[in-house]
Amino acid sequence: AAKEQEKRLGQLILAHLNHPNFGWGITAEDLAHVIEEQFFEVYNGHPSVRQLGDAKHPGIEKMWDLANTIRLAELGAEPLFGIASDDSHQYHGGDVKPGRGWVMVRAPSLSANNIVKAMRKGDFYSSSGITLKALERNQKKGTLSFRIQGAGNEKYTTRIIGTRRGQHSDPAKIGEVLATFTGTSVSYSLKDNELYFRAIITSDKAHPLPSFAKQQKQAWIQPLWALPISKPKTPKAGQTP
């Protein structure tokens, strides 16, 4: 329906799936198989969205890795991009305040079409309080480099998260920490044995408007994956997949 409206109006539309753990509404497997969907909320600032999951449900970031691994390893589909939002319901008082999460987009202007075009290319990052001075993300080469805009005596840790090839059948090996960096400058390249990787930056400072206990300021950089993506062949009748 969104695509039909986009074509009819000549106006780009960005559809996304929000807070998948609110009411335990959708699983990572569900999210993976709706391959028309390109975006979902990796962070939502509402206090009731169960960002970290629980003993029976994975947290939102683990869902991102599960869904993207399924897409790349089993469905031959591109991974999801993760957006952040504050989901603010109240601007004066209350628990659902603005300013908890947002996206930073590299676009030639602030027109809606230019912003959506940039986001569809993954030319953005999501944040709950960290700002980057520079970001170079090259999907064709599988390379990522960025510089964090430091604030005072704040310290930063960047984790490169991803899934290695041939490991998608083991949930414990989906979304592993592939590398860890400290400081404000980070560079990483996709390795031959990696299906994809993404980066998450975490500050040692607490979020000023936390939506869950012990929340720290973070930023999420979109995944890079191996090209070309080849859709797994469907076995013929009588064959073992």
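This is a predicted model, so every value here is computed, not measured.

Colleague: How would you explain the overall build of the protein if you had to name every residue and give the values?
Modeller: If you tally the helices and strands in the protein, you get four helices and eleven strands. Relative to its length of 241 residues, the protein is compact, with a C-alpha radius of gyration of 18 Å against a globular reference of 18 Å. Considering only C-alpha atoms, the protein reaches an extent of 65 × 45 × 40 Å along its principal axes. In the protein, buried positions account for 41% of the 241 residues.

Colleague: A description of the packing of aromatic side chains should follow, citing residues and the corresponding values.
Modeller: One pass over the full model with this rule turns up seven aromatic pairs. Taking 6.0 Å as the distance between ring centres and 55 degrees as the angle between the ring planes, the aromatic pair formed by Phe39 and Phe81 counts as tilted. Of this pair, Phe39 sits in strand β1 (residues 39-44) while Phe81 sits in strand β2 (residues 81-85); the two residues are 42 residues apart in sequence, bridging distant segments of the chain. Here Tyr188 and Phe197 contribute two aromatic rings whose centre-to-centre distance is 4.9 Å and whose plane-to-plane angle is 75 degrees, an arrangement assigned as edge-to-face. Taking the relative accessible area as the measure of exposure, Phe197 reaches 0% and is therefore buried. By way of ring pairs, the aromatic residues Phe39, Phe81, Phe124 and Trp225 are connected into one cluster. The aromatic ring of Tyr188 is capped on one face by Lys191, whose charged end is 3.7 Å from the ring centroid.

Colleague: Talk me through the nonpolar core; I want residue IDs and the actual numbers.
Modeller: Grouped together as the largest cluster of nonpolar side chains are 21 residues, with contacts concentrated most on Leu132, Leu144, Phe146, Phe197, Ile201 and Ile221. Counting residues per element, the ones that place at least two in this core are β5 (132-138), β6 (143-148), β7 (156-164), β8 (176-182), β9 (185-189), β10 (194-206) and β11 (216-225). For Phe197, the contacting residues outside a window of four places in its chain are Gly142, Leu144, Ile160, Ile161, Gly162, Leu178, Tyr188, Ser189, Leu190, Gln222, Pro223 and Leu224. Membership of the second largest hydrophobic core comes to 20 residues, among which are Leu66, Ala67, Ala77 and Leu80.

Cut-offs used in this document
Residues numbered from 1 in each chain as written. Predicted model: local features only at pLDDT ≥ 70, side-chain atom pairs only at ≥ 80, totals over all residues. Heavy atoms only, no water. Helix = DSSP H or I, 4+ residues; strand = E, 2+ residues; numbered from the N terminus. Rg over C-alpha atoms; globule rule 2.2 N^0.38 Å. Buried < 20%, exposed > 50% of the residue type's maximum accessible area, 1.4 Å probe, protein only. Phe/Tyr/Trp six-rings, centres within 6.5 Å; stacked < 30°, edge-to-face > 60°. Lys NZ or Arg CZ within 6 Å of the ring centre and 35° of its normal. Core = buried A, V, L, I, M, F, W, Y, C linked by side-chain atoms within 4.5 Å. Contact = heavy atoms within 4.5 Å.

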